[in-house]
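# Architecture at a glance
Each chain, letter by letter, is given below.
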Amino acid sequence: MGAMFGFRKKDSSAADTRERAGLFARLKQGLAKTGKVLSTDITELFRRRIDDTLFEELEERLLLADVGVDATRRIMDQITRGVKRGELGDAEALMQALENAMTQILEPVEQPLRIPPDRSQPFSILVVGINGAGKTTTIGKLSHHLRAEDYSVLLAAGDTFRAAAVEQLQTWGERNGVPVVAQGTGADSASVVFDALQAAQSRHIDVMIADTAGRLHTQHNLMDEIRKVKRVMGRLDADAPSEVLLVIDGGTGQNALNQVRQFHEALGVTGLVVTKLDGTAKGGVLFALAEQMGIPVRFVGVGERAEDLQPFDARAFVRALLNRADG
Ligand SMILES: Nc1nc2c(ncn2[C@@H]2O[C@H](COP(=O)(O)OP(=O)(O)OP(=O)(O)O)[C@@H](O)[C@H]2O)c(=O)[nH]1
Ligand SMILES: [Mg+2]
């Protein structure tokens with residue numbers, strides 16, 4: 001993953017170009033379902049005469065891919081202006097204008113996770129989200145990347161709801177050579193996370209990641225519980241958690257906006273991971289999230305393998321969606 005990660009520690013620039021090409025190919029493959037809604041038809045569309053029907057159809061494509069009304073309007077406005085100025089005479093110019101307009105919406109939220117090099121405290125990440133969004137898997141993949149960059153990592157099994165949840169995290173821990181702090185099922189989640197952060201402090205661990213049980217943003221008691229987890233972390237380190245990472249299933253479509261709003265209200269979300277983009281044609285939801293919420297998107301998930309959790313790169317994302325070459 002090398003330089004593409006904000007938290008890079010090791011220097012391994014030799015393989016970076018090849019690595020980047022491989023990542024882009026995975027991204028493109030992962031986004032193929034949403035890409036199909038967009039690029040196949042758009043390429044056809046752009047070969048035709050530029051007229052109102054073309055724009056109506058383009059607009060329809062964007063909405064179908066769940067880009068959302070506001071972001072779609074912004075994209076369409078920008079392209080129409082270009083046409084009026086007489087700048088968009090051919091299909092390639094149109095495609096480039098579309099790419100630019102889409103990229104501009106995503107660029108403000110392209111803010112990689114950065115781990116400050118001179119910390120006196122572990123960098124602590126509290127991972128939250130609804131059931132099945134991909135929290136535990138994301139933690140596993142993230143620990144893999146962090147270990148590859150030589151960071152020491154400690155995981156907290158804060159999902160005390162299901163026995164299987166602790167085992168799932170332990171499996172990832174074993175695979176990556178990362179210790180997992182856990183208590184029995186039914187234990188207090190806040191107490192597990194407190195112990196884990198304390199252990200990370202005393203062992204001078206670089207990064208501590210806390211898993212939590214999935215909860216609906218509408219379950220107020222569970223939202224209170226997660227607030228408590230956040231609070232107890234603050235008792236050990238006033239700046240903890242360093243990151244409140246909300247994991248969203250990319251297939252949720254426009255509903256994702258409600259989730260983000262409510263988790264953000266309750267916890268102050270500092271970063272997003274949008275997973276399972278490979279399984280959906282609704283990947284356009286990232287545009288809606290960027291336009292409406294403006295919360296940094298740290299990673300996107302485009303498959304089951306560790307390499308399928310990629311740092312979010314706005315232009316690469318758009319170019320993969322529009323089935324263009326890496327540029
Ligand atoms: N295809 C695909 N599957 C994913 C991705 N991310 C996660 N998954 C799968 O989604 C399923 C749920 O993932 P988990 O990590 O267990 O989700 P969770 O949020 O921890 O779920 P709970 O603990 O029940 O709240 C698993 O089968 C994962 O392998 C992704 O980017 N692509
Ligand atoms: Mg889980």
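Details of the structure are given in the entry above.
Here goes a summary of the coordinates provided. These numbers come from a predicted model, not from an experiment.

### A look at the overall build of the protein chain
In terms of regular secondary structure, the protein chain is built from 12 helices and eight strands. Against the 2.2 N^0.38 benchmark of 20 Å for 327 residues, the protein chain shows a C-alpha radius of gyration of 21 Å, consistent with a compact globule. The C-alpha extent of the protein chain, read off along each of the three principal axes, is 65 × 50 × 30 Å. When burial is assessed residue by residue, the protein chain has 46% of its 327 residues classed as buried. Within the protein chain, contacts between residues separated by at least 24 positions form 77% of all contacts whose residues are at least 6 apart in sequence.

### Side note on the sheet that holds strand E8 (residues 309–311)
The sheet built from eight strands is open, its strands ordered E3-E2-E4-E1-E5-E6-E7-E8 with mixed pairing. Single-partner strands in this sheet number two, and they are strand E3 (180–181) and E8. Sheet analysis places strand E6 (residues 271–275) next to strand E7 (residues 297–301), joined by three bridges and oriented parallel. Looking at the pairing, Val273 lines up with Phe299 of E7. Across the sheet, helix H7 (residues 163–176) lies against strand E2 (153–158), E3 and strand E4 (207–212), angled at about 170 degrees from E2, the strand it touches most. Sitting on the sheet, helix H10 (residues 256–267) touches strand E1 (123–128), strand E5 (243–249) and E6, and the angle it makes with E5 is about 160 degrees.

### Examining the site of ligand 1
Within the structure, ligand 1 sits among 21 residues, and Gly134, Thr136, Thr137, Gly214 and Gly301 are positioned closest to it. Examining the composition of the shell around ligand 1, we find that three residues originate from one element, helix H6 (residues 135–148), more than from any other. Partitioned by chemical class, the residues of the shell around ligand 1 number four nonpolar, 11 polar and six charged.

Procedures and definitions
Residues numbered from 1 in each chain as written. Chains lettered and ligands numbered in written order. Predicted model: local features only at pLDDT ≥ 70, side-chain atom pairs only at ≥ 80, totals over all residues. Helix = DSSP H or I, 4+ residues; strand = E, 2+ residues; numbered from the N terminus. Rg over C-alpha atoms; globule rule 2.2 N^0.38 Å. Buried ≥ 20, exposed ≤ 12 C-beta atoms within 10 Å, placed from the backbone. Contact = placed C-beta atoms within 7 Å. Pairing = 2+ DSSP bridges. Axes fitted to C-alpha atoms, helices over the stretch in contact; angles between N-to-C directions. Near = placed C-beta within 6 Å. Nonpolar A, V, L, I, M, F, W, Y, C, P; charged D, E, K, R; others polar.

These results come straight from atomic positions and should not be treated as a statement about function.
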